[in-house]
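Next come the chains, spelled out residue by residue.
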There are 2 protein chains.
Amino acid sequence: MNKIDVCLSPELIHLYDVPSRVVVIVDILRATSCMTSGLAHGVEAILPVADLETCRTYKSQGYLIAGERNGEKVEGFDMGNSPFEYMAPTTKGKKVAVTTTNGTQALEKSRGAKEILIGSFLNLSVVAERLVKMKEDVLIVCAGWKGKVNLEDSLFAGALVEKLKGAFASDCDAPLMAQTLYTTVEGNLEGYLRASSHVQRLKRLHIHEDIKYCLTPDLCPVVPVLRGHELVIE
Amino acid sequence: MNKIDVCLSPELIHLYDVPSRVVVIVDILRATSCMTSGLAHGVEAILPVADLETCRTYKSQGYLIAGERNGEKVEGFDMGNSPFEYMAPTTKGKKVAVTTTNGTQALEKSRGAKEILIGSFLNLSVVAERLVKMKEDVLIVCAGWKGKVNLEDSLFAGALVEKLKGAFASDCDAPLMAQTLYTTVEGNLEGYLRASSHVQRLKRLHIHEDIKYCLTPDLCPVVPVLRGHELVIE
């Protein structure tokens, strides 16, 4: 039976054998939710980049540029990190270059994996189905918040472990912790998350609708994969 | 209100401002349980050291020496890491030099804290009472397993956060995660832990009695503190 493990923060990734694994990157609020949503709604490709200045340089190459720092849209950028911006008709057929606080960095640190997929509640079931078909060991990499673990990414990790039980064996304690956490609060994810430090921060930015959307399972049944430097659906 | 945070692995400790905090070191299976138990049963002081060879040199200075690697006692040492060895009449009034896989290292990384206390289920309530009296921000540092998070240390962190609710404010998401985990399984800690990777390993070493003991709250109402290089009760 293939194994599944959870890396609760990119700061722990050196403890895992990334090259032997298919990695699922998770940044629920909101990078991987945006990526999933955008590609499901007609964005052609998403290019994650490491910093704002690099991102800015893609504007002249025809990309839309998207960026947030500490949950707020960056001045001069086409988009921030609301998934609703990624669904706008103006994004159809376009490429988007994006940099985010935590998600892009989790992705950078996972390069070298057998395959890199993007996970979010929006594509939970199709990601699980893809992983079952791939028959490889899996590592779920939570983006966290500035290196620390966060609730929403841990909850998604737990949801995916729960979805895959029977098909994968848990490698270590982190998958069990995430799974228990998820099964305990799955009936009231949004209520539970209200207590989280990240959502407390976001609350000040008036994005309840984003949060509600990002916690809804299976609205966007696509699996973004990394091809070269870009995320696409195949 | 003072703050409480949880560092789920020593590999994350650089993300926390250790000098501004009272740190509680946690290594339930079994370093901090042994320390608590030994000092409660008449051990004079416990000297945590970084490695086996350093530990060995204390033998000639009149210390009992205790060490395990991967859950097994080291050859030539007086004690392994069963808490029952620390309660033996032969340890009364003696000093014990100890090195363990994870616990000692968590402690080394926490040096510089305002105060370092040793936490375990065995002294849960008295540690909580001491923290309330100290009126300082608190960081619970879980020893984990070779850098990864583990269930038993996370559960203790959750138990301590739960015990302190109302008196401390959670700083970030890790305390909430640990608290939810603990309150979900507190009625059946031992059964839940049976699924953990660490206990799976320990099962092979026939130490069910150790585990049961280490999960029992408040058997040893003492608070070990670090004074210089040694742990003592005052």
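Residues numbered from 1 in each chain as written. Chains lettered and ligands numbered in written order. Predicted model: local features only at pLDDT ≥ 70, side-chain atom pairs only at ≥ 80, totals over all residues. Heavy atoms only, no water.

(A) Expanded view of the packing of aromatic side chains. Applying the stated criterion across every chain yields a total of six aromatic pairs over all chains. Aromatic side chains Tyr58(B) and Tyr63(B) sit 5.1 Å apart centroid to centroid with 75° between the ring planes, which places their arrangement in the edge-to-face category. (Phe/Tyr/Trp six-rings, centres within 6.5 Å; stacked < 30°, edge-to-face > 60°.)

(B) Broad picture of the packing of helix H7 (residues 173-185) of chain A against helix H6 (residues 151-163) of chain B. Two numbers describe how H7(A) lies on H6(B): the axes approach to 9 Å, and their chain directions differ by 40°. Comparing their axes, H6(B) and H7(A) come out oblique. Residues Asp173(A), Leu176(A) and Met177(A) of H7(A) touch H6(B), and the partners they reach there are Leu151(B), Glu152(B) and Ser154(B). Looking at the contact of H7(A) with H6(B), its residues break down into three nonpolar, one polar and two charged. (Axes fitted to C-alpha atoms, helices over the stretch in contact; angles between N-to-C directions. Helix = DSSP H or I, 4+ residues; strand = E, 2+ residues; numbered from the N terminus. Parallel < 35°, antiparallel > 145°, perpendicular 65-115°, else oblique. Contact = heavy atoms within 4.5 Å. Nonpolar A, V, L, I, M, F, W, Y, C, P; charged D, E, K, R; others polar.)

(C) Highlighting the pattern of salt bridges. According to the stated counting rule, one finds 23 salt bridges over all chains in the structure shown. Linked through salt bridges whose partners overlap, the residues forming this network are Glu115(A), Arg227(A) and Glu234(A). (Salt bridge = Lys/Arg side-chain N within 4 Å of Asp/Glu carboxyl O.)

(D) Fine view of the interface of chain B and chain A. Opposite the 31 residues of chain B that make contact, chain A presents 31 residues. Counting the contacts that link chain B with chain A gives two salt bridges. Ionic pairing is found between Asp5(A) and Lys148(B), a salt bridge with its closest N-O pair at 3.9 Å. Linking chain B with chain A are nine residue pairs in polar contact (both at pLDDT 80 or more), by the criterion used here. Going through the elements one at a time, H6, helix H7 (173-185) and helix H9 (197-203) of chain B are the ones with two or more residues in the side of chain B that touches chain A. Considering only residue class, the side of chain B that touches chain A consists of 14 nonpolar, ten polar and seven charged. (Polar contact = N/O pair within 3.5 Å; in protein donor to acceptor, adjacent residues only side chain to side chain.)

(E) The arrangement of the relation of the copies chain B and chain A in detail. Least-squares fitting of chain B to chain A yields an RMSD of 0.0 Å, with the transformation described by 0.0 Å of translation along the axis and a rotation of 180°. Each copy turns onto its partner about a two-fold axis. Of every C-alpha in chain B, the one belonging to Leu181(B) sits nearest the axis of rotation, 3.0 Å from it. Take the interface residues of chain B: 100% of them recur as interface residues in chain A, which is what a same-surface contact looks like. (Least-squares fit on C-alpha atoms with pLDDT ≥ 70 in both.)

(F) Representation of the packing of helix H5 (residues 124-134) of chain A against helix H6 (residues 151-163) of chain A. Residue and element names in this part refer to chain A. At a closest axis distance of 10 Å, the pairing of H5 and H6 adopts a crossing angle of 50°. Classified by the angle their axes make, H5 and H6 are oblique. In this structure, H5 crosses over H6, and the sense of that crossing is right-handed. Side by side, H5 and H6 meet where Leu124, Ser125, Val127, Ala128 and Leu131 of the first sit next to Phe156, Ala159, Leu160 and Lys163 of the second. The class makeup of the residues in the contact of H5 with H6 is seven nonpolar, one polar and one charged. (Left-handed = near helix turned anticlockwise from the far one by under 90°.)

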